[in-house]
Amino acid sequence: MALILLPLIFSLLAWFIPSAFTRLFGLLATGMTLAWSIVAVCYFQPEEQILIDFGLRFVRFSIDSLGFTMILLTNAVLFLVFLSNFTGKLVNDNKFASLALLMQFGLLGVFTTNTILGFYIFWELTLLPIFLILYWFGSFEKPRALLQFFLYTLLGSLAMLFAVIGLMHATNQQTYEALLVADINALGNTSIWLMGGFLFAFAVKIPLFPFHTWQAETYTKAPVAGTMLLSAIMLKMALFGLLKWVLPIFDGVATDFWRWPIITLGLIGVVYGAVIAIRQSDIKTLFAYASLSHLGLIAAALMLNDYHTNQIAVVQIVNHSIVSIGLFLAAGIIEQRLGTRKLSELGGLAKIAPRFGFWFAVLTFVSLSVPFTAGFIGEFFLIKALFSANALTGFVASTTLVLGAVYMLRAYQVPMFGPSKFSSFQDLHWSEITVFAILSIAAIYFGLAPQCLTDFVAHSLTQPTH
Amino acid sequence: MDSIIILFIAGLIGLFAGMSKKPVASILIASFGLIGAGLAAYYRGSYTSPFSTYAAYVPTQGMVIILLCAVTLLAILGGFKRYKSDDEHTGDYLGLILFSLCGAILMAQPNDLMLFFIGLEILSIPIYVLVGIDKGSSTSAEAAVKYFFTGSFASAIILFGIALLYGATGSFQLIEIQSNLAIGIWQSPMAMIGSLFLLAGFTFKIGAVPFHFWGPDVYDGASNAVLMYMATVVKIAGIYALVNVFGQVFRDSYFFWIDLVSLLIVASLFYGYITAWKQTSFRRLIAYSSIANAGLMLFALADIHNSNLFLFVAAYAVATIALVAINSVINDDSDAIANWEGIAWKNPLLGIALVLALFSLSGIPPLAGFFGKFSLLWSAVPHVPYTAMLALIASVIGAFVYLRLLLLALKKPSVTVSVKLSLEQIIVLMLTSVASIGAIYFI
């Protein structure tokens, strides 16, 4: 119970903390929730579930091993976000601390709720703080881009709300376990429409190819911490929803109907995102499109709904969080110290800031999925799964490796090497080094021993029925 | 019955207490009257009422009375600053509002169409006066005249509908009308036209398209204090009366009017939200928002046995009162939306109440507005799925309207001038904030 409620309590407390202590408070609060969840996971048997009930009719919680993985990921991401911005102005603002913690509460709710309406409620609840964070701390000159982000996701969410109401009416059930055994296939075409409602919401959030238009501008204009929250954990809600809720529940007619459309969109996103990323001159926009490319691959592989692929997809989800925190932190460091993100204005940083050069290189290699990193395990097995489904999709998916190398190496090489365009560049602060070190260690650990993750989540992934 | 009597007596005392020109005494009497009426409704049945033998009146559901009293209490507290400044008329304001509330309670759940009509008139006539009470202002007088003419027109339509129904069935009692209609009379032209006249009249009262046109002008001309009462209690009483009359009487002709109602819902939603978008005057924006919300309220007709209306109207009323109260704090004279810029920074309570009210109206969980909309749509979806789908699309436009206001209010100003709230404003904003969050426990 404290696992879920702790962030909410801290979020309310944050309003009363004097601004001199806010950044310490944020770090301690997120550190405490992280520590609490690590302790809790030590006592957790992966075969079991923890049930939590506050006496609400539509919102109940149960934590299984997949939920625990996501809880740990959320708490770790929040901790790293506070730690990586330790020198920035943002964390001194108690509005930010409170909203980020509120968002953490919403995310934990999404990952642990046991009822379909609870899933929707928490899903929407996360939108509220990120909207305010982007508005107050982002650099949106005009609210148009921000409103586009909000209304786009709201439209997707409302489609999901309609599907939720329809699903609850059609099956007369609301809990996860009851929905799993409900006979959705008997609904025929209705089940296809219901799944379409969910998929629309997810496609906007992930985002998949034609629904991605909000992404680049929002990522670019958002503060670094906001971008990290968005890409490292908020988008994972959609993948989690696909993995935990939609695919097992709609297994059958509806999944067969939507499989290839979604895979096609995902793979278009893989190639399209990568090609656009190659042409970008702004380093943050480049990483935004890279994110589009990576997530398209995960979504496509998830649609295969294969037991072993789903386990690997969890590894890749964790890996993408690691990579996106690292890369957006690097972009943030460059922007904070030099005031520019244009690749053409950067150069020669490795010489004057060797520590930054080293750690950015490590994260670049993690992002490139070189062997012994989590990305290698993830991408290799996902592409392999797509290959065995269809050789053409496998081929298209594998271009992510080549194209990824092109844009990532460019994103690293241009600012770091070449003639030095700046005389001074303050090297990494200890907090930033800690973040980079944690990320690198995690990436390498999951690259060497992915089975600790895959075996853990395997307990809560349903075995395919066909 | 007891609630109505308590309210009437409190209104009477308040009216005379107003002559002492002590506004605080008047508001205390009115507040105690409202609380007493709410308690009488809550404990009804646990004691023997001296009026229990009055047969023509079947008491309104306790929850609806409590809701009406609570909303009125918020409205008079929120408007107190205005009443106080006009201490010659404080007693008149409060007395009229309480008398009008008697009519609202009487009409909300009728069992007799004549009694319902009397309730409707008792509700309406004090409001005509309240709209025009600001005698110095020409817009106020214009609004009062406009509201009076259109309102009496609507009353006439309703009366005509009642007459036609009486002609078709020979009774004013809803139960008798229903049993007569059920044996096939509902197909007679007289009953059909009667039901359409009733629907038109009700649409007028709650301000849904196509009988919405009086709304913006009247809301604009009325003061914030009166608007708080008018935009909420009239609509709640009207929609409850509509649901009860149609749910009880016209059950059998459901498929005759439900398509028409769906059309009204969609038209109200899109018209209300799209026109609200470009408004520059706050009270007009509230008027258009209330047109759209009236459209949503009509969803209660889709499932007449289980309409789930309560949470939605409560959430709508609370959020609207919070917004108008905020408007009356910062913006009582000019009423321009541009004045909202940066007001969230002027006072923390103001900011919190504002964010909650706007997100609640946009229907973002876990606030009251979402649960209201959800429970309304929950029962409506199996009956009118396509209308519900269109309503969800319209509510994205609605979110746009409210977010525009929110972004304006949250814009960080270069210089912050803080605003001090008076005690009753603090109470109103706190209560509305708590109600917006606390709704999760009522679903």
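Because the structure is a prediction, the values reported are computed rather than measured.

Enquirer: Even after reading the chapter, I still don't get the overall build of chain B, so can you show me in this structure?
Expert: Broken down by element type, chain B carries 19 helices and zero strands. The C-alpha atoms of chain B give a radius of gyration of 21 Å, which matches the 22 Å a tight globule of 443 residues would have. Summarising its shape, the C-alpha atoms of chain B cover approximately 70 × 50 × 45 Å along the three principal directions. Counting the 443 residues in chain B, one finds 58% classified as buried. When contacts within chain B are restricted to residue pairs at least 6 apart in sequence, those whose partners lie at least 24 apart make up 80%.

Enquirer: Sorry if this is basic, but what is going on with the overall build of chain A here?
Expert: Each helix and strand counted, chain A has 21 helices and two strands in total. Here chain A has a C-alpha radius of gyration of 21 Å; the compact-globule value for 466 residues is 23 Å, and the two agree. Considering chain A as a whole, with its 466 residues, one finds that 58% of them fall into the buried category. Sequence-distant contacts in chain A: of pairs separated by 6 or more residues, those separated by 24 or more amount to 83%.

Enquirer: I'm lost on the interface of chain A and chain B in this one. Help?
Expert: Many analyses report the size of an interface as the accessible area lost when the parts associate. Each partner contributes residues to the interface: chain A has 20 residues there, and chain B has 19 residues. With 11 residues, the top contributor of residues to the side of chain A that touches chain B is helix α7 (residues 144–171) of chain A.

Enquirer: How should helix α15 (residues 307–338) of chain A be read in this particular structure?
Expert: Quick reminder: α-helices carry 3.6 residues per turn. Residues three or four places apart thus point the same way. Residue and element names in this part refer to chain A. Across its 32 residues, α15 extends 47 Å between first and last C-alpha, which sits within 8% of the 46 Å expected from 1.5 Å per residue. Counting buried residues in α15 gives 26 out of 32 residues, a clear majority hidden from the surface. After α15 finishes, the residue G339 shows a positive phi value of roughly 75 degrees.

Enquirer: Explanation requested: unusual backbone geometry in the structure shown.
Expert: Across the junction of A:I206 and A:P207, the peptide omega takes the value -15 degrees, indicating a cis bond. A cis amide bond, omega 5 degrees, links B:P365 with the succeeding residue B:P366. By the secondary structure assignment, B:P366 is in the loop between α16 (348–362) and α17 (368–380). Not every positive phi belongs to a glycine, and A:S369 is a case in point at roughly 60 degrees. Along the polypeptide, A:S369 turns up in the loop between α17 (354–367) and α18 (374–389). Phi at A:F372 is positive, roughly 75 degrees, even though this residue is not glycine. Of note, A:F372 is situated in the loop between α17 and α18.

Enquirer: When you look at the environment of A:A405 in this model, what are you seeing that I'm missing?
Expert: Inspection of the secondary structure puts A:A405 in helix α19 (residues 391–416). When the C-alpha positions of A:A405 and A:A145 are compared, they lie 30 Å apart, and in sequence the two are 260 residues distant.

Enquirer: Whenever I open this one, helix α7 (residues 138–169) of chain B confuses me. Can you help?
Expert: With 32 residues, α7(B) should reach 46 Å at 1.5 Å per residue; the first-to-last C-alpha distance of 46 Å fits that figure. The first or second residue beyond α7(B) is B:G170, which carries a positive phi of 75 degrees.

Enquirer: Sorry if this is basic, but what is going on with the nonpolar core here?
Expert: Formed by 357 residues in total, the largest nonpolar core has its most connected members in A:L229, A:A299, B:L68, B:A237 and B:M297. Residues in contact with B:L68, not counting those within four places in the same chain, are B:L101, B:A104, B:I105, B:V233, B:I236 and B:A237.

Enquirer: Which parts of the structure should I look at to understand the packing of helix α1 (residues 2–17) of chain B against helix α5 (residues 90–108) of chain B?
Expert: How two helices pack is summed up by the angle between their axes together with the distance between the axes. Residues and elements named next belong to chain B. In the contact formed by α1 and α5, the axes pass within 7 Å of each other and the chain directions differ by 165 degrees. With respect to α5, the axis of α1 lies roughly antiparallel. The crossing of α1 and α5 is left-handed. Contacts from S3, I4, L7, F8, A10, G11, G14, L15, F16 and A17 of α1 reach α5 at G91, D92, L94, G95, L98, F99, L101, C102, I105 and L106. In terms of residue class, the contact of α1 with α5 is made up of 14 nonpolar, five polar and one charged.

Enquirer: Please clarify how the environment of B:A241 should be interpreted in this entry.
Expert: Residues and elements named next belong to chain B. Among the secondary structure elements, A241 is positioned in helix α12 (residues 233–249). Classification of A241 by C-beta neighbours within 10 Å gives buried; the count is 26. Excluding anything up to four places from it in sequence, A241 contacts M107, A108, P110, F116 and F202.

Enquirer: When you look at the packing of helix α3 (residues 62–78) of chain B against helix α19 (residues 423–438) of chain B in this model, what are you seeing that I'm missing?
Expert: Residue and element names in this part refer to chain B. The contact between α3 and α19 brings their axes to 8 Å, and the two run at 145 degrees. Pair α3 / α19 crosses with left-handed handedness. Two secondary-structure elements touch here, α3 through L74, L77 and G78 and α19 through E424, Q425, I427, V428, L431 and T432. Looking at side-chain class alone, the contact of α3 with α19 contains five nonpolar, three polar and one charged residues.

Enquirer: Is there a simple way to think about the environment of B:H305 in this case?
Expert: All names here are of chain B. With respect to the helices and strands, H305 occurs in the loop between α14 (282–297) and α15 (310–330). You can call H305 exposed: it has 7 C-beta atoms within 10 Å. With 54 residues separating them in the primary sequence, H305 and R251 have C-alpha atoms 9.2 Å apart.

Enquirer: Help me understand the confidence of the model for chain B, please; the structure alone is not making it clear to me.
Expert: Low pLDDT marks stretches whose predicted atomic positions should not be read closely. For chain B, mean pLDDT is 86; residues scoring 70 or higher make up 96% of the total. Looking across chain B, the model is least confident in helix α4 (residues 80–85) of chain B, with a mean pLDDT of 82, and most confident in α14(B), with 92.

Conventions and cut-offs
- Residues numbered from 1 in each chain as written.
- Chains lettered and ligands numbered in written order.
- Predicted model: local features only at pLDDT ≥ 70, side-chain atom pairs only at ≥ 80, totals over all residues.
- Helix = DSSP H or I, 4+ residues; strand = E, 2+ residues; numbered from the N terminus.
- Rg over C-alpha atoms; globule rule 2.2 N^0.38 Å.
- Buried ≥ 20, exposed ≤ 12 C-beta atoms within 10 Å, placed from the backbone.
- Contact = placed C-beta atoms within 7 Å.
- Expected span 1.5 Å × (residues − 1).
- Core = buried A, V, L, I, M, F, W, Y, C linked by C-beta atoms within 7 Å.
- Axes fitted to C-alpha atoms, helices over the stretch in contact; angles between N-to-C directions.
- Parallel < 35°, antiparallel > 145°, perpendicular 65-115°, else oblique.
- Left-handed = near helix turned anticlockwise from the far one by under 90°.
- Nonpolar A, V, L, I, M, F, W, Y, C, P; charged D, E, K, R; others polar.
- pLDDT = per-residue confidence, 0-100.

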